[in-house]
Amino acid sequence: MDFMPDYDVARNELANTVFGTYSQAYTVTNEDLRQTMRFMPEKCENALVVAASGDHPLFCSLYGAENVDTFDISYNAKCIMDIKNAALNTLSYQDYICFIKDLYNVSVPLMDVKNMSNVLYKLPKTEFDYVYALKDVQIFMRKLISLNSAVLPTQFEYDKLRENVKAPYNFILTDICRIGGKLTKSYDFMHLSNVFDYVQSFHYEHIILSLMEHVRPGGRIITQFFAEGNDTIFGFRMTEMAKKHKNWIFGKKTIINTGKFDYFKNGIYVIERVR
């Protein structure tokens, strides 16, 4: 990734809650990713996911994706993702869980989180310098939802992740409207978690069409919505697209309610390219 962060601009955007390059990143996911990953094709060589809190790419690797590319509108999403990767390969399981909980819950300066110094030194220099320079600014969201074990890896999952994830994920700094033009490979799985809630509905069809060009036969695009109004519009647009593209299947799936998440109450859209 060829990007040099501007600390002054970052401070200004974070202070004014501007949605853009320096938006606060989620510290943990607000989704049950174990449910989501059952829509990944059995054989997944390449996956594309939103970086978000860093949990989406980790769970893609956990459930069998061989190569995972990520994207996000916020540079801070790359930072939290790489911090988690570094922590995963640096800390014991118990220390990793405590690290994530402290990072999320403790209202202390970032550098006072236990093991943060050890983890940061594993980051690329540009990210280390950026996070350290903004150590007094809240660049990651804290206490957004009630943290529970469902968003944290088990010991078995942690061990498997340490085997599967050895290097930082490839990252594309972009919004969803431009992602299609920045892709250079084809994918078996795209997970566009919640991103369509942040764009105007007249962009939906253009975005999906640009991504469809990068999906392999048998590959899938999945997405879901938090806002019911956006969900309804997207469903209508996808139904209309299905009439024009006969080699694609557009459908909506229900998700089992685990009792710990209400994020999937609107269901999840699956857009699949027929083999």
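Quick note: structure is the one above.
Residues numbered from 1 in each chain as written. Predicted model: local features only at pLDDT ≥ 70, side-chain atom pairs only at ≥ 80, totals over all residues. Heavy atoms only, no water.

Student: It is not clear to me how the pairing of strand β1 (residues 46-50) should be interpreted in this structure. Could you clarify?
Tutor: Across a regular strand the side chains alternate sides, sitting on one face of the sheet and then on the other. Burial analysis of β1 places 5 of its 5 residues in the buried class, which makes it a mostly covered element. Side chains of β1 alternate between two faces, with N46, L48 and V50 and A47 and V49 buried alike. With respect to chirality, the unit in which β1 leads through helix α3 (residues 55-62) into the neighbouring parallel strand β2 (residues 67-72) is right-handed. Here 3 bridges tie β1 to strand β4 (residues 187-193), and the two strands are oriented parallel to one another. The residue bridging L48 from the neighbouring strand is M190, located in β4. (Buried < 20%, exposed > 50% of the residue type's maximum accessible area, 1.4 Å probe, protein only. Helix = DSSP H or I, 4+ residues; strand = E, 2+ residues; numbered from the N terminus. Right-handed = clockwise from strand over helix to strand, strands pointing away. Pairing = 2+ DSSP bridges.)

Student: Is there a simple way to explain the environment of L211 in this structure?
Tutor: Along the chain, L211 turns up in helix α9 (residues 204-212). The class for L211 is buried, based on a relative accessible area of 0%. Along the chain, L211 and V108 lie 103 residues apart, while their C-alpha atoms are 41 Å from each other. Contact partners of L211, with chain neighbours within four places excluded, come to I176, I179, G180, L183, M190, L192 and I221. (Contact = heavy atoms within 4.5 Å.)

Student: I would appreciate a short explanation of the packing of aromatic side chains in the present structure.
Tutor: The relation between two aromatic rings is expressed through the spacing of the ring centres and the mutual angle of the planes. Per the counting criterion, the structure on display carries 19 aromatic pairs. Over the ring of Y132 we find K135; its NZ or CZ atom is 4.1 Å from the centre of that ring. (Phe/Tyr/Trp six-rings, centres within 6.5 Å; stacked < 30°, edge-to-face > 60°. Lys NZ or Arg CZ within 6 Å of the ring centre and 35° of its normal.)

Student: Hey, could you run me through the environment of F189 in this one?
Tutor: Tracing the backbone shows F189 in strand β4. For F189, a relative accessible area of 0% gives the class buried. Separated by 13 residues in the primary sequence, F189 and I176 have C-alpha atoms spaced 16 Å apart.

Student: Can you help me understand the nonpolar core in this one?
Tutor: In a soluble, globular protein the nonpolar side chains are often hidden away together inside. Within the largest apolar cluster, 61 residues are counted, with the highest numbers of intra-cluster contacts made by C60, Y96, F99, Y130, I139, F140 and F189. Not counting residues within four places of it along the chain, the set of residues in contact with C60 comprises M37, M40, A47, V49, A65, V68 and F189. (Core = buried A, V, L, I, M, F, W, Y, C linked by side-chain atoms within 4.5 Å.)

Student: Even after reading the chapter, I still don't get the pattern of salt bridges, so can you show me in this structure?
Tutor: Where side chains of opposite charge bring their charged atoms close, a pairing between them can arise. Enumeration according to the criterion identifies 15 salt bridges in this entry. One salt bridge connects K125 with D129, and the closest N-O pair in it is separated by 2.6 Å. With a gap of 4 residues between them, K125 and D129 both fall in helix α7 (residues 125-133), about one helical turn apart. The exposed category is assigned to K125, whose relative accessible area is 63%. Between D175 and R178 there is a salt bridge whose closest N-O contact spans 2.3 Å. Linked by salt bridges that have partners in common, E45, D188 and R216 make up one network. (Salt bridge = Lys/Arg side-chain N within 4 Å of Asp/Glu carboxyl O.)

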